[in-house]
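This is what each chain is made of:
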Amino acid sequence: MSLGGLAIAIGMVVDGAIVITENISRHMREKAGSALSRTEIAYEATKEVVRPVAFSFLIIIIVFLPLFSLQSTEGKMFRPLALTMIFALVGSLVVTLTVIPALAAMLVKRAPEGEKGNPLVRLIQRCYLPILSLAMKGRWVSIAIATAVLIGALAVLPRLGTEFLPPLDEGALAINVVRLPTASVEGSALQCTEVEKRLLKRFPEITTVISKTGRAEISEDPMGPEQSDFLIMLKPRKEWSKGMTRDKLVREVSQELATVPGIRPAFSQPIALRVNELISGIKSDVAIKIFGEDMDVLRAAGERLAPILASVEGAGDVKIEQVSGFSQLEIQHDREAMARHKINAADINDLIETAVGGKVATTLYEGQRRFDVLVRFPERLRNSAEVIKTLMIPSPAGHKVPLSALARINVVEVPAQVSREDSMRRLTVECNVRGRDMGSFVAEAKAKVAAVERTMPVGYRFSWGGQFENQQRAMARLRVVVPIAVLLIFLLLFLSLDSIKSALLVLVNLPFALVGGILAIFLLGIPLSVSASIGFIALFGVAVSNGLILVSFFDQLRNSGKPVQEAVFEACRLRVRPLMMTSLAVLLGLIPMLFATGSGSEIQRPLVAVVFGGMISSLALTLIILPVLYALLNRPSQDGGPDAREGRLEENCAAGSGS
């Protein structure tokens, strides 16, 4: 993500240099015949814009500070981006205020006043100024149209899907396979070998299949011998069969594994599988956690929830945590029979321990090494309940009694595992989400599961976990820190403009910047994720900096004695070029990331799409709606009536278009 932050920063770091260089260039043209030296002209031009430029950099830095409050996975992913952006902006600010004015004083051409200038700039002004004149004449109509567009964009917001982070294409598959709890290590290993051969033979897109069964000697992964993880390495996409896609490959591999008896596969990716498990203890995208005391009640609730979850569109690999199916030999002492034969319970327990589990008889020493010698019955005398029943126990009376006469021996089913969380027993029902955003999937699943939750006994509750849990945590944190960042932005705007009215006017640009970002991810079919939310945060900084540069020039011209209408029009005419240049610089810097297809591009694309679309809408509304709002909020009585103001505006428009 640090490289992604550098790519995003490429367009932003040149904004200040563009504004200062353009202002120096304008002053050089306007003061070509003056007695001032090039250095003095550059100093005055830099002094004119240094305040808004410096504060615009500080505002962009402020908007990235909330990223440092992110936790867990999202924090580790996006903090490098924030650090890269901040360091790049700080370095750019230093260069912009020192090196750029010096270079501009030496290199910018000191052209005469009457030079026509750049044809492209003249074309932009000829197109933009009449539109601005029309918007200023129909102020309330312009504001109504902008408000309608904003309301329309906000109406689209509930239709956006939501997810934690976009799924990364790791170039590999991970399959978690679960068997019956009684599966042995040897049987699981043989089955894994057979599955590996079948997958390699059946699918040419697969290069390597590696399986891991059970838990390593030093590991935090609580897997028994009945569980295996298959890591499937894939060839590059260009070497795949014609028409083969990732989703199609997963479906065909799933169909192939369905022919293997006694297994339940769940598909994921190697990194995603481990990250999910380490963070939330869940290997799937979504899980319903059922808390309570009685394992039978938990299991019954899980069996009711599994088909309901499977009926939700997009659910895949639905499975219940395997907590039953483990066979155990239960030996219950018959106290009356033991009393008749004068046999103690300890005698029976010692025999069972020695026969089945083994008992240390002595210790063997070899030099400095020491080994316990374990004594245990041969396998033929302990391999079934019927054989164990025939074990003979000596009686003090001098005869031997079979174990079946002293105890009831049965093979019973007991819990294979008991999971706990928050000091309570827990059972999970898991599934992966395919072809659908996680937010709408969980919303629909919650509505269907609510009926089962209402029927649960007192003391039992449901909780949603997995990636959805991460999404809720990240969004909750952003809902707290983003308003704080907006408040800090307002304080910086007030310090820069020395006016609450002007500071609030710049902040009005933020909702309009949302329009393009929302429409961009809606049209591209990108769900609203943590990555897209961070894109909106970055967009706020850029939009506010553009508004600050324009409004500060409005105030500067008004303080020099110009009327509101003339000041607004003159500022727009002179600032349209740097605003267009800075915005185009950011947009051009984002285009490579918007169309990137390499590793990690899935995470960056929502962020880039939001900034790209928001920059377009923010630029249009900054150049048209912001001047209209400024003129409405700063109407002095000495400007005369509406007719007089419009007449002066038309004269300015004509003069500006012909310049």
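Residues numbered from 1 in each chain as written. Predicted model: local features only at pLDDT ≥ 70, side-chain atom pairs only at ≥ 80, totals over all residues. Heavy atoms only, no water.

I tried to follow the sheet that holds strand 1 (residues 172–178) on my own but got confused; where do I start?
A sheet is described by the order of its strands in space; here four strands give the open sequence 2-3-1-4, paired in antiparallel fashion. Each edge of the open sheet carries a strand with a single partner, namely strand 2 (206–213) and strand 4 (264–268). Along the sheet, successive strands turn relative to each other by an average axial angle of 20 degrees, direction set aside. Pairing of strand 1 with strand 4 involves five bridges; the strand directions are antiparallel. Across the sheet, residue Val 178 finds its bridge partner in strand 4, namely Arg 264. Of the strands in this sheet, strand 2 and strand 3 (227–234) are in contact with helix 7 (residues 185–202), which crosses strand 2 at around 170 degrees. (Pairing = 2+ DSSP bridges. Helix = DSSP H or I, 4+ residues; strand = E, 2+ residues; numbered from the N terminus. Axes fitted to C-alpha atoms, helices over the stretch in contact; angles between N-to-C directions. Contact = heavy atoms within 4.5 Å.)

When you look at the pattern of salt bridges in this model, what are you seeing that I'm missing?
Pairing is possible between side chains that carry opposite charge, provided their charged atoms lie close to one another. Tallied over the full model, the rule gives 18 salt bridges. One salt bridge in this structure joins Glu 321 and Arg 426, with 3.9 Å as the shortest N-O distance. Note that Glu 321 is positioned in the loop between strand 6 (315–320) and strand 7 (326–333) and Arg 426 in strand 14 (residues 424–433), a separation of 105 residues in sequence. This pair shows no difference in class: Glu 321 is buried, exactly as Arg 426 is. Through salt bridges with shared partners, one network takes in Arg 198, Arg 202, Glu 252 and Glu 256. (Salt bridge = Lys/Arg side-chain N within 4 Å of Asp/Glu carboxyl O. Buried < 20%, exposed > 50% of the residue type's maximum accessible area, 1.4 Å probe, protein only.)

Just to check I follow, could you spell out the pairing of strand 3 for this structure?
Successive side chains on a regular strand alternate, one facing one side of the sheet and the next facing the other. In terms of burial, strand 3 is largely enclosed, as six of its eight residues are buried. Bridging between strand 2 and strand 3 involves seven bridges; their strand directions are antiparallel. Note on strand 3: the bridge partner recorded for Val 209 is Ile 232.

Sorry if this is basic, but what is going on with unusual backbone geometry here?
The phi dihedral of Asp 317 is positive, around 55 degrees, even though this residue is not glycine. Along the chain, Asp 317 turns up in strand 6. The exposure class assigned to Asp 317 is buried, which follows from its relative accessible area of 15%.

Help me understand empty space enclosed by the protein in this model?
Empty space among the atoms becomes visible once a probe the size of a water molecule is rolled across them. The full count for this structure, using the stated rule, is five cavities of 30 Å³ or more. If you trace the largest cavity, you find it lined by Met 12, Asp 15, Gly 16, Val 19, Ser 56, Phe 57, Ile 60, Ser 545, Asn 546, Ile 549 and Thr 582. Counting residues per element, the ones that place at least two in the lining of the largest cavity are helix 2 (15–30), helix 3 (38–64) and helix 18 (530–559). Classifying every residue of the lining of the largest cavity gives five nonpolar, five polar and one charged. Here the second largest cavity defines a volume of roughly 40 Å³. (1 Å grid on protein atoms, 1.4 Å probe; cavity = no way out; pocket = protein on both sides within 12 Å on 5 of 7 lines; lining within 4 Å. Points joined across faces, edges and corners; volume = space filled by probe spheres on them. Nonpolar A, V, L, I, M, F, W, Y, C, P; charged D, E, K, R; others polar.)

Looking at this structure, how should I read the packing of helix 3 against helix 15 (residues 467–497)?
The geometry of a pair of packed helices is captured by two quantities: the angle between their axes and the separation between those axes. Helix 15 packs onto helix 3 with a crossing angle of 170 degrees between their chain directions and a minimal axis gap of 10 Å. Between helix 3 and helix 15, the angle falls in the class roughly antiparallel. Note on element contacts: helix 15 touches helix 3 through Ala 485, Leu 488, Ile 489, Leu 492, Leu 493, Leu 495 and Ser 496, opposite Arg 51, Pro 52, Phe 55, Leu 58, Ile 59, Ile 62 and Val 63. A per-class count over the contact of helix 3 with helix 15 returns 12 nonpolar, one polar and one charged. (Parallel < 35°, antiparallel > 145°, perpendicular 65-115°, else oblique.)

Sorry if this is basic, but what is going on with the side chain of Thr 428 here?
Residue position: Thr 428 is located in strand 14. Judged by relative accessible area, which is 1%, Thr 428 ranks as buried. Polar contacts involving the side chain of Thr 428 include one to the side chain of Glu 430, which spans 3.4 Å. Once you skip the residues sitting within four places of it in the chain, Thr 428 turns out to touch Ile 282, Ile 288, Lys 289, Lys 319, Ile 320 and Glu 321. (Polar contact = N/O pair within 3.5 Å; in protein donor to acceptor, adjacent residues only side chain to side chain.)

Would you explain the pairing of strand 8 (residues 359–366) in this entry?
By the bridge criterion, seven bridges tie strand 8 to strand 9 (residues 369–375) in an arrangement that is antiparallel. Opposite Val 360, over in strand 9, you have Leu 374 as the bridge partner. The loop that links strand 8 with its antiparallel partner strand 9 comprises two residues; one of these, Gly 367, has a positive phi angle of about 65 degrees.

Got a minute to help me understand the nonpolar core in this structure?
For soluble globular proteins, the rule of thumb is that nonpolar side chains tend to be buried together. Of all hydrophobic cores here, the largest spans 117 residues; its most connected members are Phe 64 and Leu 493. With residues near it in sequence (within four places) discarded, Phe 64 still touches Leu 81, Ala 82, Met 85, Ile 86 and Ala 538. Counting 26 residues, the second largest nonpolar core, distinct from the first, contains Val 286, Leu 427, Val 433 and Tyr 460. (Core = buried A, V, L, I, M, F, W, Y, C linked by side-chain atoms within 4.5 Å.)

Help me understand the environment of Leu 510 in this model?
In this structure, Leu 510 sits in helix 17 (residues 509–523). Classification of Leu 510 as buried rests on a relative accessible area of 8%. For the pair Leu 510 and Ala 405, spaced 105 residues apart in sequence, the C-alpha separation works out to 85 Å. Residue contacts for Leu 510: discarding those within four places in its chain leaves Phe 540 and Val 544.

It is not clear to me how the packing of aromatic side chains should be interpreted in this structure. Could you clarify?
Any aromatic ring pair is given by two values, namely how distant the centres are and how the planes are angled relative to each other. Evaluation of the coordinates by the stated rule reveals one aromatic pair. Centroid distance Phe 554 to Tyr 630: 4.8 Å. Interplanar angle 45 degrees. Geometry classified as tilted. Of this pair, Phe 554 sits in helix 18 while Tyr 630 sits in helix 20 (residues 601–633); the two residues are 76 residues apart in sequence, bridging distant segments of the chain. It is Arg 237 that lies over the ring of Trp 240; its NZ or CZ is 4.6 Å from the centre. Directly above the ring of Phe 291 sits Arg 461, whose terminal nitrogen or CZ lies 4.2 Å from the centroid. (Phe/Tyr/Trp six-rings, centres within 6.5 Å; stacked < 30°, edge-to-face > 60°. Lys NZ or Arg CZ within 6 Å of the ring centre and 35° of its normal.)

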